[in-house]
Amino acid sequence: ADAIILGPGSLYTSIIPNILVKGVPEAIKESKGIKIYIANVMTQPGETDGFNVSDHIKSIYEHGDIGKLDFVFANNKDILDEKLGKKYHDMNQWEVKIDHDNLKRSEFELIEGDFILPSEKSVRHDADKLSKRLMEIILEKTLAYDKKRILEYVILSDKLKIKEKFQKEGK
């Protein structure tokens, strides 16, 4: 694999169960692909109450020897809609904060950005924003350095540029 992506998803019911399966952590650790974790946007009541980004990573490392992560994606955009924010806070769900002080010692590169989909009903990752940034990193860190696959890199890169152009033009 060029990349192994953990997330987005519930830390204890989607991410960690996968690394508890016999052979999976070993396969992830042995892979030459870059390893990426996408931190949740919101905490989950009874599961990740009070968790910051570093708490998510610590839990992953405690549950499976997957080797070091190369990149961690974390949303840094606040929920701007007060009504939506109140809805989540009333359910004891809060934004997963990026705790820079704890993350400074980490071996991975932290990718911060606006990765949420504006919505009046829920706070979710924006698949387009997230996949675009993921593809940029994967292309830059893997395909661009493999001369045998340079054509694949050029084609994927052009597709991303064309899609971005159409989105800007509203087509």
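Model, not experiment: these values are computed from the prediction.

Draft legend 1. Summary view of the overall build of the protein. Counting its secondary structure elements, the protein contains seven helices and six strands. Secondary structure elements of the protein, listed N to C terminal, follow the sequence β-α-α-β-α-β-α-α-β-β-β-α-α. Compactness check: the protein gives a C-alpha radius of gyration of 17 Å against a globular reference of 16 Å for 171 residues, within 12% of the reference. Counting only C-alpha atoms, the protein reaches 50 × 45 × 30 Å along its principal axes. Surface accessibility of the protein: about 10,400 Å² in total, with carbon and sulfur atoms responsible for 53%. Side-chain charges of the protein comprise 28 positive and 30 negative groups, with the mean position of each set lying 5 Å from the other.

Draft legend 2. Spatial organisation of helix α3 (residues 53-63). The set of residues buried in α3 consists of Val53, Ser54, His56, Ile57, Ser59 and Ile60. Residues of α3 that are buried sit in contact with α1 (11-19), β2 (34-38), β3 (71-75) and α5 (100-103).

Draft legend 3. Main features of the pattern of salt bridges. For the structure shown, the criterion picks out eight salt bridges. A salt bridge links lysine 29 to aspartate 65, with the nearest nitrogen and oxygen atoms 2.8 Å apart. Of the two residues, lysine 29 is situated in helix α2 (residues 24-30) and aspartate 65 in the loop between α3 and β3; the sequence distance between them amounts to 36 residues. Taking the relative accessible area as the measure of exposure, lysine 29 reaches 44% and is therefore partly exposed. Each member of the salt-bridge network shares a partner with another, and the members are Lys132, Arg133 and Glu136.

Draft legend 4. Spatial organisation of the sheet that holds β2. Spatially, β1-β2-β3-β4 is the arrangement adopted by the four strands of the open sheet, whose pairing is parallel. Strands at the two margins of the open sheet, each flanked by one partner only, are β1 (3-6) and β4 (109-113). Within this sheet the neighbouring strands show an average axis-to-axis angle of 20°, counted without direction.

Draft legend 5. Broad picture of the environment of glutamate 112. Its place among the elements puts glutamate 112 in strand β4. You can call glutamate 112 partly exposed: its relative accessible area is 34%. Separated by 37 residues in the primary sequence, glutamate 112 and asparagine 75 place their C-alpha atoms 5.8 Å from one another. The residues touching glutamate 112, leaving out its near neighbours within four places in the chain, are Ala74, Asn76, Ile98 and His100.

Cut-offs applied
Residues numbered from 1 in each chain as written. Predicted model: local features only at pLDDT ≥ 70, side-chain atom pairs only at ≥ 80, totals over all residues. Heavy atoms only, no water. Helix = DSSP H or I, 4+ residues; strand = E, 2+ residues; numbered from the N terminus. Rg over C-alpha atoms; globule rule 2.2 N^0.38 Å. Areas by Shrake-Rupley, 256 points an atom, 1.4 Å probe, with all protein chains shown as cover. Lys, Arg positive; Asp, Glu negative; His and termini not counted. Charge placed at Lys NZ, Arg CZ, Asp CG, Glu CD. Buried < 20%, exposed > 50% of the residue type's maximum accessible area, 1.4 Å probe, protein only. Contact = heavy atoms within 4.5 Å. Salt bridge = Lys/Arg side-chain N within 4 Å of Asp/Glu carboxyl O. Pairing = 2+ DSSP bridges. Axes fitted to C-alpha atoms, helices over the stretch in contact; angles between N-to-C directions.

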